[in-house]
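These are the residues of each chain, in order.
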Amino acid sequence: MSKSKARKLKRQRKPLSSLDPRLRQLLDWSVIIGSVLICLLLLPSRLPGMQLLGIAPNWLLIWVVAWSVKRPALQGAFAGIILGLLQDGMTSPEPTHALSLGVVGLLTGLFQKQRFIQEDFISIALIVFGMSVLSETIFASQMIWMGNRHLESIWTYYQKVVLASAILSSLWAPVLYFPLNNWWQKVKLAEQL
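Residues numbered from 1 in each chain as written. Predicted model: local features only at pLDDT ≥ 70, side-chain atom pairs only at ≥ 80, totals over all residues. Heavy atoms only, no water.

Chemist: It is not clear to me how the environment of Pro179 should be interpreted in this structure. Could you clarify?
Modeler: Along the chain, Pro179 falls in helix 8 (residues 151-192). For the pair formed by Pro179 and Ala66, sequence separation is 113 residues and the distance between their alpha carbons is 9.9 Å. (Helix = DSSP H or I, 4+ residues; strand = E, 2+ residues; numbered from the N terminus.)

Written out as structure tokens, the structure reads:
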């Protein structure tokens, strides 16, 4: 593409700040809801290269971390609870995913991001890895507390799921985090102008 065509396309595209605030808000909500729906659709799918020992990435956990990393803890917890309830609606409400994703959102929001966490591939992957281990631990604890399964079967399940889920989720985290974070930064910048 020639430079004149590139300039013409650049002039034709309206920057986000030039949009009506209500339209910009609607567009932002569309991206949020659309990305959650994509994560919900990816959750039960087992595409080649996306699974390890029959375990797939926890897309909703990745979304909660992406949302919570630059927001207050209560917003992160609320998003985690909502997405956990959506996951419960797709699977089984006992034990609930709302508790584990709510805790993930709360703790991710509590991090002192500016001082300790750089925004790069490694730090986001490490956060998702740690939060995935925590989420699976909370889920296994709920299974123990319910008392309707043998401790040995829960321990076997936990060993199989926790490491596979943490590895896959942390490896796939940048695929979801960076486009969403880029969008949210653009929206924030447009609101400040």
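Text resumes after the structure shown.
Chemist: Would you explain the packing of helix 5 (residues 97-110) against helix 7 (residues 121-146) in this entry?
Modeler: The angle between the axes and the distance between the axes are what describe a pair of packed helices. Relative orientation of the contacting elements helix 5 and helix 7 amounts to 145°, with a least axis distance of 9 Å. As helix 5 packs across helix 7, the resulting crossing turns out to be right-handed. In contact with His97, Leu99, Ser100, Val103, Val104, Leu107 and Thr108 of helix 5, helix 7 contributes Ile127, Met131, Leu134, Ser135, Ile138, Phe139 and Gln142. For the contact of helix 5 with helix 7, a count of residues per class yields 9 nonpolar, 5 polar and no charged. (Axes fitted to C-alpha atoms, helices over the stretch in contact; angles between N-to-C directions. Left-handed = near helix turned anticlockwise from the far one by under 90°. Contact = heavy atoms within 4.5 Å. Nonpolar A, V, L, I, M, F, W, Y, C, P; charged D, E, K, R; others polar.)

Chemist: Mind showing me how you'd approach helix 4 (residues 73-90) here?
Modeler: Residue pairs three or four apart in sequence face the same way in an α-helix, which turns once every 3.6 residues. Spanning 18 residues, helix 4 covers 26 Å between terminal C-alpha atoms, matching the ideal 26 Å at 1.5 Å per step. Every buried residue belonging to helix 4 is among Ala73, Gly76, Ala77, Ala79, Gly80, Leu83, Gly84, Gln87 and Asp88, and all of these are buried. As for helix 4, its buried residues are in contact with helix 2 (21-42), helix 3 (59-68) and helix 5. (Expected span 1.5 Å × (residues − 1). Buried < 20%, exposed > 50% of the residue type's maximum accessible area, 1.4 Å probe, protein only.)

Chemist: Would you take a moment to explain a nonpolar patch on the surface for this structure?
Modeler: Taken together, the side chains of Leu52, Leu53, Leu163, Ile167 and Leu171 define a hydrophobic patch exposed on the protein surface, amounting to about 460 Å² of accessible area. With respect to the secondary-structure elements, Leu171 resides in helix 8. Here Leu171 falls in the exposed class, since its relative accessible area comes to 52%. (Patch = residues over 30% accessible without salt bridge, like charges linked within 9 Å, V, L, I, M, F, W, Y side chains within 5 Å. Areas by Shrake-Rupley, 256 points an atom, 1.4 Å probe, with all protein chains shown as cover. Salt bridge = Lys/Arg side-chain N within 4 Å of Asp/Glu carboxyl O.)

Chemist: Which parts of the structure should I look at to understand the packing of aromatic side chains?
Modeler: The geometry of an aromatic ring pair comes down to the distance between the two centres and the angle between the two planes. Within this structure, the stated rule accounts for 5 aromatic pairs. Between Trp67 and Trp184, the ring centres sit 5.3 Å apart and the planes meet at 85°, which makes this aromatic pair edge-to-face. With a gap of 117 residues between them, Trp67 in helix 3 and Trp184 in helix 8 connect regions that are remote in the sequence. Its relative accessible area of 9% is what places Trp184 among the buried residues. Geometrically, the ring pair formed by Tyr177 and Phe178 is edge-to-face, given 5.1 Å between the ring centres and 75° between the ring planes. Directly above the aromatic system of Trp67 lies the positively charged group of Arg71, at a separation of 3.6 Å from the ring centroid. Across the ring face of Trp184, the terminal group of Arg71 is positioned such that the distance to the ring centre comes to 4.6 Å. (Phe/Tyr/Trp six-rings, centres within 6.5 Å; stacked < 30°, edge-to-face > 60°. Lys NZ or Arg CZ within 6 Å of the ring centre and 35° of its normal.)

Chemist: Where do I start with the nonpolar core in this structure?
Modeler: Trp63 and Trp184 are the most contacted members of the largest nonpolar core, which totals 31 residues. Aside from chain neighbours lying at most four places away, what touches Trp63 is Ile32, Ser35, Val36, Cys39, Ala79, Leu83, Leu176, Leu180 and Trp184. If you look at the next biggest cluster of nonpolar residues, it comprises 6 residues, including Ala140, Met143, Ile154 and Val162. (Core = buried A, V, L, I, M, F, W, Y, C linked by side-chain atoms within 4.5 Å.)

Chemist: Whenever I open this one, the side chain of Ser100 confuses me. Can you help?
Modeler: Along the chain, Ser100 falls in helix 5. A relative accessible area of 1% means that Ser100 is categorised as buried. Within the local environment of Ser100, its side chain forms a polar contact with the side chain of Ser135, the two groups lying 3.5 Å apart. Excluding residues that lie within four positions of it along the chain, Ser100 makes contacts with Ser135 and Ile138. (Polar contact = N/O pair within 3.5 Å; in protein donor to acceptor, adjacent residues only side chain to side chain.)

Chemist: So what exactly am I meant to see when it comes to the confidence of the model for the chain here?
Modeler: As a general rule, the predicted coordinates of low-pLDDT regions are not to be interpreted in detail. In this model, the chain carries a mean pLDDT of 83, and residues with pLDDT of at least 70 account for 88%. Looking over the chain, one finds the lowest element-wise mean pLDDT in helix 1 (residues 3-12), namely 54, and the highest in helix 3, namely 94. (pLDDT = per-residue confidence, 0-100.)

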